[in-house]
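# Structural features, examined
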Amino acid sequence: MIHFVKSSFSISLLLVQKHILCLSVERESITLSEVRLVLIGERWAGKSSSGNTILRNDRFECGRTRTAQSEMRHEVVEGRELIVVDVPGWSSSLSLSEIPEGDKQRFKLNASKCPPGPNTFLLVIPIDTAFSAMTKKTVEEHMKLLGERVWKHTMVLFTCGNYLGGKTIEQHIESEGESLMWLIERCKNRYHVFENKDKSSLSQVTRLLEKVDEMVWQNKGRFYEVDEQTLNIIEKKHREVAERAKQRERRSEEQRQQMRALIAEEMKTIPKLRMVLLGSRGVGKTSVGNTILGIKVQEDGKRTAHSVGRQGFVGETEITLVDTPGWWKGFPECDTPEAIKEEVIRSPSLCLPGPQVFLLVIDADASFNGKHLDAVTSHMELLGEEVWRHTIVVFTRGDWLGTHTIEEYIEGEGEALQSLVEQCGNRYHVIDNKNTDDGTQITELLKKITETLAGNGCDHFVPDEKIFDAIEEKRMKVKEGAKLRQSQVEAQRRLRKESSKELHALTFLMLGQKTFGKSATGNTLLRREVFPTCQNEFCQVEQGEVDGRAVTVVDTPGWWKDPSKSTEEMDKEIVRGLTLSPSGFHAVLLVVPLDLTFREAQRAALEEQMKLLDVSVWKHTMVLFTYGDKLEDKSIEEHIESEHKALRWLIDKCENRYHVVNNLKKSDMSQVTQLFEKVEEMVAGNSRQLFCPEMSQIYLNIDDKFKRMQLKNVLKQRLAEEYKRRELEMMTSFKKTLLELQAQIGDSATGTKSKSLIGDRTKLKVKGIGQKKKDGKDKEENINSKISQEIERLNNDIKNKSADLRLSSLDYLFPTFKGESSTDRKTSSSQFEDVLGWLASVEIGTNEENQFTLNFSQTSGYRSVVPHNCLEFDTEEYP
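About the criteria used
For every chain, the first residue of its written sequence is number 1, and the numbers climb from 1 along that sequence. A pLDDT threshold of at least 70 governs which residues receive local features in this predicted model, and a stricter bar of 80 or more applies before side-chain atom pairs are shown or counted, although totals over entire chains, interfaces and linings include all residues. Here the side-chain values reflect all heavy atoms present in the structure, with hydrogen atoms and water set aside. A run of DSSP states H or I qualifies as a helix once it reaches four residues; a run of E qualifies as a strand once it reaches two. Both are numbered from the N-terminal end. Exposure is judged per residue with a 1.4 Å probe applied to protein chains only, and the accessible area is read against the type maximum: over 50% gives exposed, under 20% gives buried, and values in between give partly exposed. Should any heavy atoms of two residues lie within 4.5 Å, those residues are considered in contact. Each accessible area is a Shrake-Rupley result for a 1.4 Å probe, and residues are judged covered by the shown protein chains and nothing else. Between any two strands, pairing holds if DSSP finds at least two bridges. Between the N-to-C directions of two axes lies an angle of 0 to 180 degrees, each axis being a line fitted to C-alpha atoms and, for a helix, fitted only over the stretch in contact. Should the near helix be turned anticlockwise from the far one by less than a right angle, the crossing is left-handed, and should it be turned clockwise, the crossing is right-handed. One speaks of a salt bridge when a side-chain nitrogen belonging to Lys or Arg is within 4 Å of a carboxyl oxygen belonging to Asp or Glu. By nonpolar core we mean a set of buried residues, namely Ala, Val, Leu, Ile, Met, Phe, Trp, Tyr and Cys, connected to one another through side-chain atoms within 4.5 Å. In this classification, Asp, Glu, Lys and Arg are treated as charged, Ala, Val, Leu, Ile, Met, Phe, Trp, Tyr, Cys and Pro as nonpolar, and every other residue, Gly included, as polar. Here, patches come from residues exposed beyond 30% relative accessible area and free of salt bridges, joined within 9 Å for like charges and within 5 Å for nonpolar side chains (Val, Leu, Ile, Met, Phe, Trp, Tyr). Counting rule for charge: Lys and Arg are taken as positive, Asp and Glu as negative, and neither His nor the chain ends is counted. Positions of charges follow a simple convention, taking NZ of Lys, CZ of Arg, CG of Asp or CD of Glu. Two aromatic rings from Phe, Tyr or Trp, using only the six-membered ring of Trp, form a pair when their centres are within 6.5 Å; if the ring planes differ by under 30 degrees the pair is stacked, by over 60 it is edge-to-face, and anything between is tilted. Criterion for a charge above a ring: Arg CZ or Lys NZ at most 6 Å from the ring centre, at most 35 degrees from the ring normal. A helix is expected to span 1.5 Å for every residue after the first. Here a polar contact is taken to be a pair of N or O atoms separated by no more than 3.5 Å, where protein atoms must pair a possible hydrogen donor with a possible acceptor and residues adjacent in sequence count only if both atoms sit in side chains.

Looking up the chain in an unreviewed UniProt entry gives the name GTPase IMAP family member 8-like, with the organism given as Notothenia coriiceps.

Structure representation (structure tokens):
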């Protein structure tokens, strides 16, 4: 990693490097007669406007219209043939995994738009927007699509030059910090500034072309070429996708024609239509509702917190439309707060007798993979299996498709999206929410809804009244529980306030799961951006004066939801945060987001981490809820009572100490002041003692934890081995039975028929029973052949499983046998010996149920129970 020091020296260094580069180029340079440029960057960065500035002509459409597909334009400028390719921008809020597959493939092909290949990629960065760590990550991911060699041909083109004011571009680069400095270094200090509003400044283009000449000379005249094999593979994929898209479109039209034939005359105009909007957050559900109802309002960006019904007319049809809160995209329903799930479940009851159609909203400008499918499926099925029969997929942001059809998007995204569309009976529609004046898109949607109704025999979805009643009953209990908890908290605070006093210094330790908002909250507490809000891997301490107090915040890396992902190094880094304040901490702030559920999985992961610390940690811990804006009109106590019991366990563990912050309202000083007051009350309750544990014991706890995990893996492997052994026994027994059956059939075929058999045949004189001997013989041979095939298959399976079992036994007893390097063997052997040595020192006893108990260090809080037979080691060889 490159580390940058913020000083005037860094700026001088940039200028010196730039000057040296210019001097070296002046000794020898070239002037290109044809210059091929590709403009890349995020959406709304000013790529199209820059293209027009370069060509000195308005060749690309600018303003509110985005670039939907790659466009190539050319002009003769200063005696040169300039070829400029304008590329659709990427979303700054989406990682590479969230970008549609088709967009990624087309991005790779942009260089082929100006054959034989571009001399330079101009990476457009607007000066009026911060270049954050997240922006850096997005740029890096997209550049990886073009390969490492693309950096040799890339120059940063800064737009909005007028925002520099009196600063130089070098001062701007330095002030932006490490992320932008990294980008400039990757481009070998090649950058230029444009002021696209000042078209009369011809010198800015002249100087850019000179810098391009310099770059080409440095690259020895070479340009960027698309690998021919990659080009062929992508083009082949595009052809296959286009063909499948046409097939889907034809199939959809055939289905629609069949449904149209079922529409009765009286159904052609539906007097009343009830529908429910469903989907994840940020996909445009509310926008779809407004477009359907013809409502033109400036949306405030607030999320939908409750299911809400609205009415309106489309032509002669009276519409009742229910908008619902969205779930987090890509998160299954088990991660969604109970309140959101309840709102989804009760939504059909807001348009009784029940909705005729559900509109499942999916955004067409983002990817849709297996995670998204699981999320959609698990949330939709909260309403039951019947919901799919009444569902139409509505794709939003149709303008981002450009010249590509929605069928191409469906086929290009892969099996997950195709599976969802099929689950909905191949019913789908696409809407451009920004083009609300186009009434035909809503007219066409209503036609598809009418066809769906006809196909369902005009049935509507029937809400389960018992579920609705159960939700209402639960809400009453939640309100009662919330009032009780609120009164308990107020009583506790009144007692603590009597002995609390304002502290001149406060020190906080931030703990929590990854992505829960620890760093953002640390910034809110210090009232400045000091902690990077991307996933951090190391502890960081920052200080500042806030509300008359000297505040110190120690931010730590988060732990994983799945404890098996944790590593010893990660845990040691988390607890290292304790050493950054030798005098101790006034409060441990345990960060929990309000927009995700807190269930047993989160509790287990949290408990695992808290066990590493001294048991007294809970006396100094306060739950700090983030995403306070998600509460809307609900109290925090109502959220606590409505959620899984694991959250109430946590609150009770912290003796009802909790607080809510909204990191979007950093200017709201009251939320910080109130937190400080609660912490001061907690400190008073702890007799002014700070949390300052013995570090040697904490490191011993970490050591115990990972040796316990190694033991668990050993026992798990033994269990897997036992399973394989028993499976092998069953297969061997089945093979023996088949061999006996085969022998009996052989004896029956070659021997004389027994008297009993003759007797049986004498009795069976019914028509059709008397078959020829040849038929009987054929049947016997056929059965015998099938048994032989099954025995052969079993032989192969038994042979393979025996080999696997022997290998796993060797791995279990001697973990270095399986294709490891000498270094790996030493490490593995050492770890195995450590486990065995540690097991030898562990106290082993028995409990009342005659099970082995493994007693770890008395202070670690760990104790395991193991059945007797799990510690029996069997080295029997198997056939």
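That covers the picture; the talk isn't over yet.
## Let's talk about the overall build of the chain
A count of helical and extended segments in the chain gives 25 helices and 21 strands. Across the 879 residues that make up the chain, the buried fraction comes to 47%. Once local pairs closer than 6 in sequence are excluded, the contacts in the chain between residues at least 24 apart make up 76%. Here the chain displays about 44,800 Å² of accessible surface, and carbon together with sulfur accounts for 51% of that area.

## Some points on the sheet that holds strand E18 (residues 658–660)
Judged by pairing direction, the sheet is mixed, and its six strands sit side by side in the order E14-E15-E13-E16-E17-E18 without closing on themselves. At either margin of the open sheet sits one strand with a lone partner, and together these are strand E14 (540–546) and E18. The sheet shows a mean angle of 25 degrees between the axes of neighbouring strands, direction not considered. Two elements, strand E17 (residues 621–626) and E18, share three bridges in a ladder whose sense is parallel. Of the residues in E18, the one forming a bridge with valine 623 is tyrosine 658. Lying on the sheet, helix H16 (residues 518–526) is in contact with strand E13 (505–512), E14, strand E15 (549–555), strand E16 (587–593) and E17; it crosses E13 at an angle near 165 degrees.

## A closer look at the packing of helix H10 (residues 338–346) against helix H15 (residues 465–497)
Running from amino to carboxyl end, H10 crosses H15 at an angle of 145 degrees, the nearest separation of the two axes being 10 Å. Crossing of H10 over H15 shows left-handed handedness. For the pair formed by H10 and H15, the contact residues are Glu338, Glu342, Glu343, Ile345 and Arg346 on the first element and Ile467, Phe468, Ile471, Glu472, Lys474 and Arg475 on the second.

## Some words on the pattern of salt bridges
Counted under the stated rule, the structure contains 49 salt bridges. For the salt bridge of glutamate 101 with lysine 104, the shortest nitrogen-to-oxygen distance reads 3.0 Å. Highlighted residues: glutamate 101 and lysine 104, both in helix H3 (residues 101–109), separated by three residues, approximately one helical turn. Glutamate 101 sits in the partly exposed class, given a relative accessible area of 31%. Here glutamate 607 ties to arginine 603 by a salt bridge, and the two come within 3.5 Å at their closest N and O atoms. Residue glutamate 607 and its partner arginine 603 are both found in helix H18 (residues 600–610); the two are separated by four residues, about one turn of the helix. Through salt bridges that share partners, Glu333, Glu338, Lys341, Glu342, Glu343, Arg346, Lys474, Arg475 and Arg599 make up one connected network.

## What about the nonpolar core?
In a soluble, globular protein the nonpolar side chains are often hidden away together inside. Within the largest apolar cluster, 40 residues are counted, with the highest numbers of intra-cluster contacts made by Leu511, Leu578, Leu606, Leu613, Trp618, Phe625 and Leu650. Listing elements by their share of this core, those giving two or more residues are E13, helix H17 (568–576), E16, H18, E17, helix H19 (636–642), helix H20 (645–653) and helix H22 (695–750). Leucine 606 has contacts with Trp559, Leu590, Phe598, Trp618, Trp649 and Leu650, leaving out every residue within four places of it along the chain. By size, the runner-up hydrophobic cluster in this structure holds 37 residues, among which are Leu123, Leu145, Leu180 and Ala366.

## Notes on the environment of lysine 220
Along the chain, lysine 220 falls in the loop between helix H7 (203–218) and helix H8 (228–260). Linking lysine 220 and isoleucine 30, residues 190 residues apart in sequence, is a C-alpha distance of 10.0 Å.

## Some words on the packing of H8 against helix H14 (residues 440–455)
In the contact formed by H8 and H14, the axes pass within 8 Å of each other and the chain directions differ by 65 degrees. Crossing geometry of H8 relative to H14 is assigned as left-handed. Contact residues: Arg256, Met259 and Arg260 in H8; Glu444, Lys447, Lys448, Glu451, Ala454 and Gly455 in H14. Broken down by class, the residue content of the contact of H8 with H14 amounts to two nonpolar, one polar and six charged.

## A word on a positive patch on the surface
Taken together, the side chains of Lys152, Lys188, Lys220 and Arg222 define a basic patch exposed on the protein surface. Mapped onto the elements, arginine 222 comes out in the loop between H7 and H8.

## Topic: the pairing of strand E3 (residues 80–86)
The buried fraction of E3 is high, at six of seven residues. Here strand E1 (residues 34–41) runs beside E3; their pairing, made up of six bridges, is parallel. Bridge assignment links leucine 37 to a residue of E3, and that residue is valine 84. With seven bridges connecting them, strand E2 (residues 71–77) and E3 associate as antiparallel partners. Counted as the bridge partner of valine 76 is glutamate 81 from E3. Here E2 folds back onto E3, and the loop between the two strands holds two residues, one of which, glutamate 78, carries a positive phi near 55 degrees.

## Focus: the packing of aromatic side chains
Under the criterion given, the structure shown has seven aromatic pairs. Ring centres of tryptophan 151 and tryptophan 182 lie 5.8 Å apart, and the angle between their planes is 80 degrees; this geometry places the pair in the edge-to-face category. Of this pair, tryptophan 151 sits in the loop between helix H4 (133–145) and strand E5 (154–159) while tryptophan 182 sits in helix H6 (residues 178–186), and the two are 31 residues apart along the sequence. Judged on exposure class, the residue tryptophan 151 and its partner tryptophan 182 are both buried. Between phenylalanine 358 and phenylalanine 461 the ring centres are 5.1 Å apart and the planes differ by 85 degrees, which places this aromatic pair in the edge-to-face class. Linking phenylalanine 358 in strand E10 (residues 357–363) with phenylalanine 461 in the loop between H14 and H15, this pair joins segments that are 103 residues apart in sequence. Seen from the ring of tryptophan 400, arginine 43 lies directly overhead, with NZ or CZ sitting 3.6 Å from the centre. Directly above the aromatic system of tryptophan 560 lies the positively charged group of lysine 514, at a separation of 4.9 Å from the ring centroid.

## Some points on the sheet that holds strand E7 (residues 272–279)
Reading across the sheet, the six strands line up as E8-E9-E7-E10-E11-E12 and stay open at both edges, with mixed pairing between neighbours. Each edge of the open sheet is held by one strand with a lone partner, namely strand E8 (308–314) and strand E12 (428–430). This sheet shows a mean twist of 25 degrees between the axes of neighbouring strands, independent of strand direction. Across six bridges, E7 lies against strand E9 (residues 317–323) in parallel orientation. Bridge pairing links leucine 273 to isoleucine 319 in E9. Each of E10, strand E11 (391–396) and E12 touches helix H12 (residues 406–413); the most contacted strand, E12, lies at about 120 degrees to it.

## A few points about the environment of valine 376
Among the structural elements, valine 376 can be located in helix H11 (residues 370–380). In the structure, valine 376 is positioned 47 residues away from lysine 329 in sequence and 8.4 Å away in space, judged by C-alpha atoms.

## A few points about a nonpolar patch on the surface
On the surface, Trp328, Phe331 and Tyr627 cluster together to form a nonpolar patch covering roughly 240 Å² of accessible area. Assignment of secondary structure puts phenylalanine 331 in the loop between E9 and H10.

## Concerning H15
Between the first and last C-alpha of H15 there are 48 Å, a value that for 33 residues agrees with the 48 Å anticipated at 1.5 Å per step. Residues Ile471, Val478, Gly481, Ala482, Arg485, Val489, Arg493 and Arg496 constitute the buried set of H15. As for H15, its buried residues are in contact with H10, H19, H20, E18 and helix H21 (669–685). At the N-terminal boundary of H15, the capping side chain belongs to aspartate 464, with an oxygen 3.0 Å from the backbone nitrogen of lysine 466.

## Comments concerning the side chain of asparagine 456
Take asparagine 456: it is sitting in the loop between H14 and H15. With sequence-adjacent residues up to four places away left out, asparagine 456 is seen in contact with Arg389 and His390.

## Observations concerning H3
For H3, the set of buried residues is Gly102, Lys104, Gln105, Phe107 and Leu109. On its buried face, H3 is in contact with E1, H4, H8 and H12.

## Remarks on unusual backbone geometry
Following proline 115, the chain continues to proline 116 via a peptide bond in cis, the omega torsion being 5 degrees. Position of proline 116 relative to the elements: it lies in the loop between H3 and strand E4 (120–126). The step from leucine 352 to proline 353 runs through a cis peptide bond, and the omega angle for that step is 10 degrees. Within the chain, arginine 56 stands out as a residue other than glycine whose phi angle is a positive 55 degrees. With respect to the helices, strands and loops of the structure, arginine 56 is situated in the loop between helix H2 (47–55) and E2. Positive phi, normally seen in glycine, also occurs at lysine 188, with a value near 55 degrees. Along the polypeptide, lysine 188 turns up in the loop between H6 and strand E6 (191–193).

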